[in-house]
Structures are given as structure tokens and as C-alpha cells.
Amino acid sequence: MLTVYNCIVHQHDLRLVVLAALICGISSFSAVNLLRHVQQSTSRNRYAWLLIAATATGFGIWATHFIAMVAFTPGIPNAYNAELSALSLAASVILTAAGMWIATARGGIEHYLVGGAVLGAGIATMHYTGMAAFEVQGRIVWNQLLVALSLVAGITLAALALLVVLRRPSTPATITAAILLTLAICTLHFIAMAAVSIYPDSSIEISQFTIAPMSQAFAAAAASLVILVLSAAALRIDLRFRRHKVEAERMHGLANAAVEGLIVCDGSRIVSANDSIAALSGIAATTLNTMTLGELFGERVASCIAGGNRQAQEAELKSHDESRIPVELIARSIDYCGKPHDVVAVRDIRDRRKAEQEILRLAHFDPLTGLANRRSFTSRLEAEIAAADRSGEGGQLALILLDLDRFKEVNDLFGHAAGDALLQRVAQCASSVLRQGQMLARLGGDEFAIIAPNLPDPQAAGRIAEAVLSKLRQESQLSPGGELVSASIGIALFPLDADEQTSLVSHADTALYRAKAEGKDTYRYFEASMGAETRDRRAMEYDLRQAVARGEFSLVYQPQKEISSGRMIGFEALIRWHHPERGNIPPSVFIPVAEDSGAIAQIGEWVLATACEEAVRWKNPLMIAVNVSAVQLHNPNFSRKVHEILLKSGLPAGRLELEVTETALIKDMPRALATLRQVKALGVHVAMDDFGTGYSSLSNLRAFPFDKIKIDGSFIKSVDRNGQVAAIVRAVLGLGRGLGLPVLAEGVETLDELRFLDAEDCEIGQGYYLGRPGPIETFSELTGVPAPTANDSVTPRGGSILMLEPAAASRSA
């Protein structure tokens, strides 16, 4: 070390040595700052930063060497070889670039150390190439030990410098690395200079093409100027980088607070991506920052955004597993780090797409059954008719309309959940018998439609209908309601029955109504004669729904008397309908239509209220009997409704008698029993109506809390002359006595019939012989309400009764 010291102190101009060290320090600080930018830059501008850093560092090493050489005073003539001097500068820049590239190519201590060692080798190569350019009038002898020591010191310190600045970048690390790199350059130079011994030799001549020391000083000064310029630029760049980094971090923090994905782009190159887009794509944000918009969304979308398209557009985001995610992109221009950039908002629209698909599905498919809905049905039927018109091959297009029988009763008996389940089973049954190309749709409620194109003959449509009905019959055996699962089917053919869509649907609907009218659970083809009848039935259905509100119904009352004494017991309320255009319509005509259309529930409730309001006016506390339909009986709110009517009218519950048929009971016996018990708890009487015409089950008489049995009028007719009928009536009367239930005989029309009943101890009778049905005013002597005088204005009291059996309807007419 004393040799090095002596070399510096006694053989160099210390002022120039200090200048060389200062130039070296500035160059080193610039080098480590620029090296950090090389490490943090992207692949596109990394090489530019590498060139700037290598040039600044290489020039710094070269300038340090030659300024220090100018400070060297050997005391004999000397000069510098221009070619070798230039070569030393080139070697310095090239090897510095190689070392920096190795150190920043990948992370890891081994890369930092190897890159630093290559940089140190560049310092050594530059120094000894520069010494080779040094020509002096004498012989140069090298101390090999000091040469080796200079190499070890320079390479080691340079490797440590790069390790410190790159491993954990920070301001202290930058300062430390700059000091280590300065020591690497200066230590190698001065130890190497200490290894030189010059022996003057006048026989050695200096080449005339050499550069004088003063000229070399100017070259070093120029290199120093380059270093200062590059260092100033590096400092300015570093300050701007720090400012931009703070801004970028702030912007990135704000972007991460956004729920949507945000990407900042310079052209199509991504410079920043928030956590949301990273989570959406499954690609790390650091990886996204090295990608382009084209790699994520496709070149077309990238070109649109780069071209200034600011409209929202849909695209597909390529995720980490190459899957495609539908997104919506909205681009806007922003100032980012002092430059105009594009920020792209990326919105995940998978949920929206699902919602749109669901909306589309709901628009074309029935949500309950999954079948095509009316809109899809109409479109398909229109297309099939058009196709049949174009082909003209003679094939039949069948439209098959299907409507469930007594579906409303299923809802009323078992609840809407059971009704929905039934619709789903019907959809499954009907779908299972259809072939490829045939379509099943749900038009609404319990209406279904089948489109069957290209049938070979009209009978093929009937085979489809029969297959559907057969499948439903099998299903009905498993359903809770027994035989409730049945359907009526109407068939119309194109072009046989109609040549356009509206008529085809109308004709199939007409055939459907005919199937219902002829017993249900069957199918019918359209016939031309059906049209007028169906229109009339539909008009009646409409009028029935309006009749209550229009006051077209009225009640008549038929007396019920004690047979043995003739004492008045009460009345049964019977309905009459006076249509403003059709006149008086018999109950046997409109009651079945009311049952099929569902209007019977409204009519039945209205009749009960009207009869109670009338009966409460009577001074004599006679009974009032009202028939109740199955729909009313199985309504869970029926007993509450009866209670409300009694409270509103003021009629004592003991004066009301509800007549129920066995047919109404067997639909859902547990529910019917519960309802009847609730009604009985109110104090209302319950009679079994039309006994003998239904199931006539003795278990029903035992299970249900009846107060009276009514023998159907069909058994009373000619009872005095027909031995078999008489035996049946005697049996029913005996059954009533055995159960302690009074028996009422309906349809008593002759004196002989009355005498037979009296002889058999039948307690109560009702029929034309005992009293014809009439307005309540005609029975004023029985009710105790004075009949209105000629000056009184009598307002007919409307009412309606639910007639469930055609026989009963005929009787009450």
C-alpha cells in the first residue's frame, strides 16, 4: 500500500487526482441511478436505458483514467496512441453494458454479482488498454502482483456495488453503491499505476501519430463534459421518475379502490392495471403491465381504443386459462405522469349477460314448465304455416289445443303449489309422446298447444292426441286427486280447416270446447258446424261473469213442509237468470257453463248472501236452504265467508242450512270434513243433497256431520207405482231413522206420492204439489211479511244458487 501511496503523492498532480476522483464519483452516482431505471423499465425501453447508462458509466471510467494519467508526471516525454485510446473507450462502454444487462436480466444475487464482475472486468480492460495506448521514451515494467491485486479489487468492488443497488433499491443503497463503484474505478487505477515502473531509454522513440498529453487532456475534458451532461440528465430523469412514481402510486391506489377493472395505456401498451382487472383476468398486475390491449381483448378492440373510440363497446377478455370473459370497455383520455394516456374501464358483464339470457328465456319460454310460451308458439305456428305454403307437398299441419279438466278445482282443493306441480307433470307427459320437429307450448293457465307439422294424414293428429290423453290417464292414477288429471283436446288442420293462422287457432279452440262439452277427457276434430255453438257458449261465459254486477240474477223460493201436518219448515233458494237479450235462461243451461268457466264461485257466494239477507226479513223464523258448490266447499276461507255473511245480514246461524252433494265431498274428503265441522261450529245446519244419485256411501253419512238427508226427486217420481223405487226410498228412510237424521223427499208432484211418503213416515217434503218456486212476495202469509200493495215499488231481489247436478237443475226449473 505504501507503493500506491507513493505513486499517488509523488508521481501525480494531486489537484488533477482530486478532479479525476470527483469525475469518477459523479459518473458512479449517475451510473447506479441509471441502472435502477434499467431494472425497472419495460422490455420496450429497457435497451434505451441500458445504452444511456452504459455510455455514461463507460465515459466516466475512461475520463477518470485519462484525467488521472494527465496528473501522472513520469518526467520524460510521453504521448497517447489514438487508436488504442478509442478502443479503450469502446471496451469500457461495451463491457459496462454487458455487465449491466446481465445484472438486470433476472433477479437474484448470482446475476447481480456476475454482472458486477463483468462491469469490473470492463474497468480493468479499459485501464490496461489505455495503458497500452500510453507511449513513453523508456521501458515499462509491470509488477504482476500489483496487477493481480488491482484486478481483484476492481472486480470485487464493482460486483458489490451492483449487488447493493439492485438487491434492495433505496436512497442509502444508491449512495453506498456509488461509493463502491467509485472505489472500484479509483482503486484499480491507482494500484495498477503503482505496478508500473518506467526506465528511461533514449533509443525508444514516440510515434508521430500519437496524441500529446495536452490534447488527451482536452479529450478527457470532453468526456467529462459528456459525463456531466449525462449525469445531469440522469439526475433530472431520476427526479422526474420519482415524481411520476409518486403520482403513479397515488393513481394506482385510487384505481384499486374502484370495483371495476381499470387499465392505463400508452397507445395499446398497458402501463398500469388495478387489482380488480387482475382478479377478473387471473393475471398478476405486474404481468399485465408488460402486455398490450391486443393481447387481452384482441387487435380490433385495441385499434379502436388507440384510434380514439370513446364509445362503450363489448369485448371478450382473455383470462389466464385462455377462457373468454364478456366485458364492457369504456375508454377516456387522461394525463398520466405528464403524458396523455388512455384509461380503460373494464366492466364484467357476465351477470348482465345471464340476466339478458334469462329475460330472453322468459320472453320466449314459460318459467314454470320450461315450454315455449305464447309468443314462441305464435312465431313457430306462423313459420310452419309459411313453410307448408311454400312446400305444397300435401302434408298436414295439425294444431292441437289442450286444456285441463277441472284444473281450478285442483288449485282450490290442494293449493296453487299442487296446481303448479300438476302443470309440470302435464308438460312432461305431453312432451314425452311428441316426436322430433313437433312443438309443445304453454299458452297460459292450464292451456297447452301442440304444433305437429308434416303429418301424413289427418288421423295422425288424433293418434298424437290419444297418446297424450293415455299418458295423462296413467299419471292420474298416481295423483292425489285421483281422476283430476285429465284433459280435453281440440284439433284443427292446415290447410284442411283453415288457410291462415288466426282461423286455425280459433277452429282448434272451437273443437276444444266441443270436447269439453261432450264429457271431457277426449279429443275432437274441428267441424264447420261447431263455430256458431262455440261462439254462443263463449258469449254466455262472458255474460255470466257480468250477470251478478248487472243484477240479472234473481232468486225464487220453494217451500219445504212437514208431510204429516203440512206445517211450513222453510224454503230452498233457487236461481233464475233473466238475460236482457236472450230472456229467461234455464239453470240446466247456464249452470254447467258457469261451472266450466269458473264463474260459479262468484255466483254461489252471491246467492248465499242474498238468501240470508232475505230470510232475516221474515217474521216467522223459517229455515233457508242454499246449495254449496265443490269450489266453495273446498275453499279454505269458506267458513269465514259464511260467518261474515251471517254477521252482516244478522241471520241466526241456526236458520241457515247448506246443502252439499256427495260429488262435492269426495274431491278432497279430509278438507271437506274440516270445512263442514267449522261451519257446524257456527251453528249452521248441513244437509246431504241428492242422496242416491252420487256415490251414496254409508261411510260418508257416518263421517260427515249431516243434519238432514235429501232424497233426489228422481226416486220420488212414481214411487207409489214402482216397487223397486219404493224399496229404495223405504231403505233410505229406514237409514235416516237409524242414524237419527230427518229425511226430506224432493220432487213431490202428486197426492199419491205424498200419501206414500206419509205412510212411510217421511218427515219433510218439497215439490210442485207442496208449493211451486216463486218470488218470496207470493209467500207473504208464510213468512209473515205483508205482500206489497199496488202502490208499493217492488225491487226484485237478485240471487243465485250453485246447481251441481243436471237433474237438480232440471228439477229447480
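Just so you know, these numbers come straight off a predicted model, no measurement behind them. (Residues numbered from 1 in each chain as written. Predicted model: local features only at pLDDT ≥ 70, side-chain atom pairs only at ≥ 80, totals over all residues. Heavy atoms only, no water.)

Another aspect to go through is the overall build of the chain. Summing up its helical and strand segments, the chain has 31 helices and 24 strands in all. Relative to all contacts within the chain whose residues are 6 or more apart in sequence, the contacts with residues 24 or more apart total 69%. Of the roughly 37,000 Å² of accessible surface on the chain, 56% is carried by carbon and sulfur atoms. (Helix = DSSP H or I, 4+ residues; strand = E, 2+ residues; numbered from the N terminus. Contact = heavy atoms within 4.5 Å. Areas by Shrake-Rupley, 256 points an atom, 1.4 Å probe, with all protein chains shown as cover.)

Attention now goes to the environment of Asp266. Positionally, Asp266 belongs in strand β6 (residues 261-266). Other than its neighbours up to four places away in sequence, Asp266 contacts Val271, Lys339 and His341.

On to a nonpolar patch on the surface. Residues Phe29, Ile175, Ile179 and Leu183 make up a contiguous nonpolar surface patch of roughly 350 Å² in combined accessible area. No other element matches the 3 residues that helix α7 (residues 171-194) contributes to the nonpolar patch. Tracing the backbone through its elements, the reader meets Phe29 in helix α2 (residues 14-40). For Phe29, a relative accessible area of 35% puts it in the partly exposed group. (Patch = residues over 30% accessible without salt bridge, like charges linked within 9 Å, V, L, I, M, F, W, Y side chains within 5 Å. Salt bridge = Lys/Arg side-chain N within 4 Å of Asp/Glu carboxyl O. Buried < 20%, exposed > 50% of the residue type's maximum accessible area, 1.4 Å probe, protein only.)

Helix length check: helix α6 (residues 144-167), at 24 residues, gives a terminal C-alpha distance of 34 Å against a target of 34 Å (1.5 Å per residue), a fit within 8%. Taking the backbone nitrogen of Leu145 as reference, a side-chain oxygen 3.0 Å away marks Asn143 as the first, capping residue of α6. (Expected span 1.5 Å × (residues − 1). Polar contact = N/O pair within 3.5 Å; in protein donor to acceptor, adjacent residues only side chain to side chain.)

Take the nonpolar core next. One recurring pattern in soluble globular proteins is that nonpolar side chains are buried together. If you look at the biggest cluster of nonpolar residues, it comprises 63 residues, and the most contacted ones within it are Ile624, Leu656 and Val729. Per element, the largest residue contribution to this core is 6 residues, and it comes from helix α21 (residues 600-615). Residues within four places of Val729 in sequence aside, it is in contact with Ile711, Phe715, Ile716, Val719, Phe756 and Leu757. Residues Trp49, Phe66, Cys186 and Met193 belong to the second largest nonpolar core, which totals 53 residues. (Core = buried A, V, L, I, M, F, W, Y, C linked by side-chain atoms within 4.5 Å.)

With that settled, the discussion passes to the sheet that holds strand β12 (residues 439-444). Read across the sheet, 5 strands follow the order β12-β13-β11-β14-β15 without closing on themselves; strand pairing throughout is mixed. This sheet does not close on itself; its edge strands, each paired only once, are β12 and β15 (523-525). Adjacent strand axes in the sheet meet at a mean angle of 20°, parallel and antiparallel pairs treated alike. Looking at chain direction, β12 and strand β13 (residues 447-455) are connected through 5 bridges and run antiparallel. Directly across from Arg442, in β13, lies its bridge partner Phe448. Helix α17 (residues 459-476) contacts β11 (396-404), β13, β14 (487-494) and β15 of the sheet and is inclined by roughly 165° relative to β14. (Pairing = 2+ DSSP bridges. Axes fitted to C-alpha atoms, helices over the stretch in contact; angles between N-to-C directions.)

A few words on the environment of Ser30. Of note, Ser30 is situated in helix α2. Measuring from C-alpha to C-alpha, the distance between Ser30 and Ala178 comes to 8.1 Å, with 148 residues separating the pair along the chain.

All of the buried residues along helix α12 (residues 299-306) are Val301, Ala302 and Ile305. What you see down the axis of α12 is that its buried residues fit within an arc of 100°, all on one side. Looking at α12, the residues exposed on the side facing more than 90 degrees away from the buried face are Glu299 and Arg300. (Arc of directions from axis to C-beta.)

Applying the stated criterion across every chain yields a total of 29 salt bridges. Note that Arg442 and Asp366 form a salt bridge whose closest N and O atoms lie 3.1 Å from each other. Here the residue Arg442 occupies a position in strand β12, and Asp366 occupies one in the loop between α13 (350-364) and α14 (374-391), the gap between them amounting to 76 residues. Across the pair, Asp366 and Arg442 agree in class, each one buried. We note a salt bridge from Arg617 to Glu614, for which the minimum N-O separation is 2.7 Å. Note on Arg617: relative accessible area 45%, which makes it partly exposed. Each of Glu314, Glu328, Arg347, Arg352 and Arg353 takes part in salt bridges that share partners, so that together they form one network.

Another aspect to go through is the confidence of the model for the chain. Summarising the model, the chain shows a mean pLDDT of 81, and 83% of its residues fall at 70 or more. Residue range residues 790-813 is modelled with pLDDT below 50. Its contacts to residues more than four positions away, or to other chains, number 71 contacts. (pLDDT = per-residue confidence, 0-100.)

This paragraph deals with the packing of helix α5 (residues 109-132) against α6. Contact pair α5 / α6: the axes reach a minimum separation of 7 Å and the direction vectors enclose 140°. One finds that α5 runs oblique with respect to α6. As for the relative orientation of α5 and α6, their crossing is right-handed in sense. Taken together, the residues of α6 that come into contact with α5 (itself represented by Ile109, Tyr112, Leu113, Gly115, Gly116, Ala117, Leu119, Gly120, Ala121, Ala124 and Tyr128) are Val147, Ser150, Leu151, Gly154, Ile155, Ala158, Ala159, Leu162, Leu163, Leu166 and Arg167. Here the residues of the contact of α5 with α6 sort into 16 nonpolar, 5 polar and 1 charged. (Parallel < 35°, antiparallel > 145°, perpendicular 65-115°, else oblique. Left-handed = near helix turned anticlockwise from the far one by under 90°. Nonpolar A, V, L, I, M, F, W, Y, C, P; charged D, E, K, R; others polar.)

Further remarks concern the packing of aromatic side chains. For the coordinates displayed, the defined rule picks out 10 aromatic pairs. Note on Phe553 and Trp606: the rings are 6.5 Å apart at their centroids and 45° apart in plane angle, and the pair reads as tilted. With Phe553 in strand β16 (residues 553-562) and Trp606 in helix α21, this residue pair connects regions lying 53 residues apart in the sequence. Exposure remark for Phe553: the relative accessible area of 2% places this residue in the buried category. Relative to Phe590, the ring of Trp577 lies with its centre 5.4 Å away and its plane at 85°, an arrangement referred to as edge-to-face. Taken together, the residues Trp577 in strand β17 (residues 568-579) and Phe590 in helix α20 (residues 587-597) connect sequence positions 13 residues apart. An aromatic cluster of three or more residues is present, and its members are Phe553, Trp577, Phe590 and Trp606. (Phe/Tyr/Trp six-rings, centres within 6.5 Å; stacked < 30°, edge-to-face > 60°.)

Moving on, we get to the packing of helix α16 (residues 416-432) against α17. Orientation of α16 relative to α17, taken along the N-to-C sense of each, is 135°, at an axis distance of 9 Å. By the angle class used here, α16 and α17 are oblique. Between α16 and α17 the crossing geometry is right-handed. Contact with α16, carried on its side by Arg425, Val426, Cys429, Ala430 and Ser432, involves Val468, Lys471, Leu472 and Glu475 of α17 and no other residues of that element. Split by residue class, the contact of α16 with α17 holds 5 nonpolar, 1 polar and 3 charged.

Before going further, it helps to examine the side chain of Glu572. Summarising the element assignment, Glu572 is placed in strand β17. Engagement of the side chain of Glu572 in a polar contact is seen with the side chain of Asn627, the distance being 2.9 Å. Among the polar contacts listed, one links the side chain of Glu572 to the side chain of Gln766, at a separation of 2.6 Å.

This part takes up the pairing of β11. Along β11, 9 of the 9 residues are buried, which leaves the element largely enclosed by surrounding structure. Neither face of β11 is open: one carries Gln396, Ala398, Ile400, Leu402 and Leu404, the other Leu397, Leu399, Leu401 and Asp403, and all of them are buried. Across 7 bridges, β11 lies against β13 in antiparallel orientation. By the bridge assignment for β13, Leu399 is matched with Ile451. Examined bridge by bridge, β11 and β14 share 8 bridges and lie antiparallel to one another. Residue pairing across strands places Ala398 opposite Leu493, the latter belonging to β14.

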